[in-house]
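This is what each chain is made of:
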Amino acid sequence: MLFILGISLFIELSKRSVFAGTPPNVILNSTNFAWKAGQTVILRCYVSSLEAATESVFWIFETGHGFKTITPSTNSDKYRGSSSSYPSLIIRNLIFTDVGSYRCAATNKYGTTISKTALFLNVTGESPNVTATRLLYNAEIGDNVTLDVSIYSPDSVLLSVDWFFHQKGFEQKINVSASAKYIGSSLERPSLLIINIQTDDMGNYSCIAKNPYGTGESEQMSLEIKDNRPVVDVELQEYHGHLGKSILIACSTALSDNEINSVSWIFHDIDNNLQIQIKPSSKYEIGLHSNPSLLIKNLTFSDEGLYKCFAANKFGTGYSSWTSLSVQDIPIVDIGSEALNSSYGDSVTLECNVSSQTTLNKIYWERNSTGNVITISSELAGINGVTIENPGLTINVTTSSDSGFYTCVAENSYGIGKSIPTQLNINGGIPVVKAYETVVNATYGMNITLHVTIDSAPEHFSIYWTKFVGNETEIIHNGTIGTSGGTVSSPSLTIRFPTASDVGIYKCYARNVIGTGSSVNISLVVEGGAPTVNIGSVFYTTVFGIQITLQCIVIADPPVRYVFWHKNVNGYLTTITHGTVGTQGISPTSPSLTIVFPGKSDQGEYTCIAVNDLGQRGSLPTLLSVSGGLPEVSIGTPPHSATFGESFTIHCKVLAVPLHTDIYWQHILEGFVRIIRKDTLGVSGVTLDDPTLTIDYVTTSDAGSYTCSAENAVGKGSSKSTNLNVDGDMPVVDIPLTSYTVKHGHDVALLCIVSSKPQHTNVYWIKESDKGKLVFNHGTTGTIGMTVENPSLSLKPVIITDSGMYTCLASNVIGTGVSRPISLIGNDVCICFLNMLRHTYIVLNPLKNERDTKHAKVTRFPIMRNQI
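All values reported here derive from a predicted model rather than from experimental measurement. (Residues numbered from 1 in each chain as written. Predicted model: local features only at pLDDT ≥ 70, side-chain atom pairs only at ≥ 80, totals over all residues. Heavy atoms only, no water.)

**With respect to unusual backbone geometry**
Here the bond from K757 into P758 is cis, since omega is 5°, no more than 30 degrees from zero. Relative to the elements of secondary structure, P758 occurs in the loop between strand 81 (753–757) and strand 82 (762–769). One non-glycine residue, S82, lies in the positive phi region at around 55°. Mapped onto the elements of the fold, S82 is located in the loop between strand 7 (79–81) and strand 8 (89–91). Judged by relative accessible area, which is 0%, S82 ranks as buried. (Helix = DSSP H or I, 4+ residues; strand = E, 2+ residues; numbered from the N terminus. Buried < 20%, exposed > 50% of the residue type's maximum accessible area, 1.4 Å probe, protein only.)

What follows is the structure, given as structure tokens:
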């Protein structure tokens, strides 16, 4: 119902145009697909439009949660196709959310048609694999214990992680969020941390994880309370000793030597119902601490009974379970040699020595030949020995069937004693011819070999084959036309060009001086038909310009006469044959397609097609993707700052496929563009191996914008621009005050502050007045300062003629900096007295511009009334 409602609009549009013409015909080639997660699948759709061109193709994807429309612009990393030129839909990297029904729809000017059938796509994947790191945990009361698991979910993310507690047939899910006792059991931290272990926590635990594809469960992990008493174990529950020999009853403890205080053994005499503590003596040796094993010497039947091992520490005494000891007099059987060789027809004797204090009941031999065991007794014809008095075995006349492994066996009332096996090799007999297979399937026209091996002693001197068809038998010798092999040195038979006439039953024969041996029947079947064509992979990727071979495997009977490829790009089909420019292969002997210099235009869907006398057949399509392009160039984007006169480096990194062939930099300053290459004066670097730019001696002209560029066969790639600031300029000259007023005869210091990089080398001042400009340098009479260390100007003392505008200047290798002007005003000092008699006053004025004049000039002025 959801799907019908969702597409009702498209059906309505189709109905409105039904009388104007015919909408496209849309057919799906399948109704069900099942693919594994991570694979790429092609949903085939065939569109035909008789009355008008197909304008668009789209797909409708329906799940239980709704439906969506897939067009050529829908997630190009996930979907390809779904266009008028290539209506099929390619879905990459399948995941569980791709499961659902798909319908193909096509539109022309007369309407829209949706495929009548839907294609159901099922995506299969693996359920989680939950692995317990350990299966047994021992903890003390109050400890914190982490039960570790690892979870592998290859095809999808996990949906949940849960833990279960198992105790005495009871199972309970652990609610981690409801208790502070547990931490973990989450998607990010699947392991389970149990806080403050108590006896109630003892039991088995299991972890269960779910993903969309199923559920995985770990093995159960046991959590137990530690017992600090020594854990004492005996190695075996039963020991069997031999009369008069020694035996070691192995015992071990789980604690280190310095934690064991004492060890001891108890012997329980079953016959007399007595328990005796064993003490070290010439009869018994007891190991120490963590290895308290018991060595019993010169065994007698009175040593039979039960034994228990004890070990004590400060927490108590631990003890093992009982172990039993039985004393037996089983025969000891030795053979003279581990391997014997004899020639076909000779006599051979296998030595055997038996030691037993108890009377022997029986002597016999066992022969094992290729897993088949037979018993040899003294009654068997053709042998001597095999008696209690003479346990050895003599074979009077050996044959090939006597080869094998022989064991001497002796029995008494306590049991059976056996020797180690001795191998007897009989050299000689008729040849043994072994066939690898009883049925061999050959392909028409393709070499086939009927494999055999021959074991022969004496060496065989003749080889031949027979072929049986119906009631006729054909002898095949070395040199028979159409065959090779079938010789003494190479007995296998090769049929060079099998046809229907070679079908039959084959048999290989070999002859030596003893006789003739033959293989089993070998049935040869020759098959033929239209070629079987397979591709190496459904998806190939390569890098721009890197040669790629699309594998094509052709099996054909009769042989292939012609091979070609189809390339499909958005429905446009191109045929590629042997000799096509830029390709190699595409021949009956080499059907694979090699693209010598792949580019973006070579991307598409490729199909390999082979033709023989019985027909033509094509492979499944394979998709070719070509990566690579313009070089990727990157440099540091923040502005760079360099110091005038020093060396400075701007780094550049280039990633290029295909490899770049040229490197250069672009420098822009105030609209002027300069190209920098490796041979540009004053720079280093700018090479294919090291595209970094180093300016050997930075000046202000090096400031500006820099871009690194690289070129390969595809074109040019450039980095972002970065700015370079040069830390250096003509001096900055500043004055704190712009005006000074000083009385005649006083001192004044006109302050000047200079900042310079590189360091300034000269300081001087200029005075401007109505008389013109006057330059002051260091050392000018009546001045102090005007140095690199002290650029200020001090006048000592100030006279009226010092009034004017002053400017401070400083120079470095770049240029000269100038301060703002400073106004200096000198106040006149009038030394007046009245000449009352003459009605005049006298003014002493300093001489102008004569700073070293010691006497003043006297000027007389008449006194006005209003001045008195």
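**Digging into the pattern of salt bridges**
Counted by the stated rule, this structure contains 14 salt bridges. Salt-bridge contacts for E126 lead to K36; the nearest nitrogen and oxygen are separated by 3.8 Å. Highlighted residues: E126 in the loop between strand 11 (119–124) and strand 12 (129–132) and K36 in strand 2 (residues 32–36), separated in sequence by 90 residues. On the basis of relative accessibility, which here comes to 40%, the residue E126 falls in the partly exposed class. Among the residues examined, K36 registers a relative accessible area of 35% and is labelled partly exposed. (Salt bridge = Lys/Arg side-chain N within 4 Å of Asp/Glu carboxyl O.)

**Section: the pairing of strand 75 (residues 704–711)**
Buried residues dominate strand 75, accounting for seven of its eight residues. Sheet topology note: the strand 71 (residues 662–669)/strand 75 ladder contains seven bridges and is antiparallel. Each bridged residue has a counterpart across the sheet, and for W665 the counterpart in strand 75 is C708. Here three bridges tie strand 75 to strand 76 (residues 716–718), and the two strands are oriented antiparallel to one another. Paired with E711 across the two strands is K716, which belongs to strand 76. (Pairing = 2+ DSSP bridges.)

**Digging into the state of the cysteines**
Formally, a disulfide is one covalent bond, and it connects the sulfur atom of one cysteine to the sulfur atom of another. A full pass over the atoms with the stated rule returns six disulfides. Here C652 is linked by a disulfide to C708, with a sulfur-sulfur distance of 2.3 Å. Across the S-S bond of C652 and C708 the torsion is about -80°, and the bridge reads as left-handed. Placement of the pair is C652 in strand 70 (residues 652–655) and C708 in strand 75, with a sequence separation of 56 residues. (Disulfide = S-S within 2.5 Å.)

**Considerations on the side chain of Q328**
Checked against the element boundaries, Q328 lands in strand 33 (residues 323–328). Apart from residues lying up to four places away in sequence, Q328 is in contact with H240, G241, H242, L243 and Y414. (Contact = heavy atoms within 4.5 Å.)

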